[in-house]
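Architecture at a glance
Chain residues, written in single-letter form:
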Amino acid sequence: PDKGKCGLPENFDSKRALLIKIEQLAQLMKQSRYTVVLTGAGISTSAGIPDFRGPNGIWTKEQERRKQKKAANGKKRKKIGRNSIARNESSNSNDDEVGN
């Protein structure tokens, strides 16, 4: 699945611009009857919460684990298949000896 573009630079406001925006937001909240805040990706990274899409992101690591698990399962299936063939061949050779 497409999880978006990874590694985009984060933008920060100057201290002065941030204080102005905070004051504007505070005024809007005081004047409103209800306030709803919607956040998304990027809000959490500034607060120190790990991202999802970056090199150490949750989705990136999840995808790596899935690839490793799939590769490991593929190796197990091949080994099981070879062992089954070996058992069948040895049991078939025993059947030939019994039949003689």
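Residues numbered from 1 in each chain as written. Predicted model: local features only at pLDDT ≥ 70, side-chain atom pairs only at ≥ 80, totals over all residues. Heavy atoms only, no water.

Quick notes on the overall build of the protein
The cut-off we apply is this: Only DSSP runs of H or I reaching four residues or more are called helices, and only runs of E reaching two or more are called strands; each is numbered from the N terminus. Three exposure classes are used, based on accessible area relative to the maximum for each residue type with a 1.4 Å probe and protein chains only: buried under 20%, partly exposed in between, and exposed over 50%. For accessible areas, the Shrake-Rupley method is used with a probe of radius 1.4 Å. Any residue's cover is judged against the shown protein chains and nothing else.
Each helix and strand counted, the protein has three helices and zero strands in total. In sequence order, the protein lays out its α and β elements as α-α-α. The 100 residues of the protein split such that 3% are buried. Split by element, the accessible area of the protein, about 9,500 Å² in all, is 56% carbon and sulfur.

Some details on the pattern of salt bridges
Note the cut-off: The salt bridge criterion pairs a side-chain nitrogen of Lys or Arg with a carboxyl oxygen of Asp or Glu, the two atoms within 4 Å.
Tallied over the entire structure, the rule returns two salt bridges. A salt bridge links Lys21 to Asp13, with the nearest nitrogen and oxygen atoms 2.9 Å apart. The residue Arg66 makes a salt bridge to Glu62 at a minimum N-O spacing of 2.8 Å. Taken together, the residues span about one helical turn, with Arg66 and Glu62 both in helix H3 (residues 58-99) at a distance of four residues. Using a relative accessible area of 55% as the deciding quantity, one classes Arg66 as exposed. The partly exposed category is assigned to Glu62, whose relative accessible area is 23%.

Some words on a nonpolar patch on the surface
Rules: Patch definition: residues with relative accessible area over 30% and no salt bridge; like charges joined within 9 Å; nonpolar side chains (Val, Leu, Ile, Met, Phe, Trp, Tyr) joined within 5 Å.
A cluster of nonpolar side chains, contributed by Leu18, Leu19 and Ile22, occupies part of the molecular surface with about 290 Å² of accessible area. Along the chain, Leu19 falls in helix H1 (residues 15-31).

As for the confidence of the model for the protein
The condition that has to hold: As a per-residue measure, pLDDT tells how confident the predictor is, with possible values from 0 to 100.
Model confidence for the protein is summarised by a mean pLDDT of 75, while 56% of its residues fall at 70 or above. The secondary-structure element of the protein with the lowest mean pLDDT is helix H2 (residues 43-46), recorded at 67, while H1 shows the highest, at 96.

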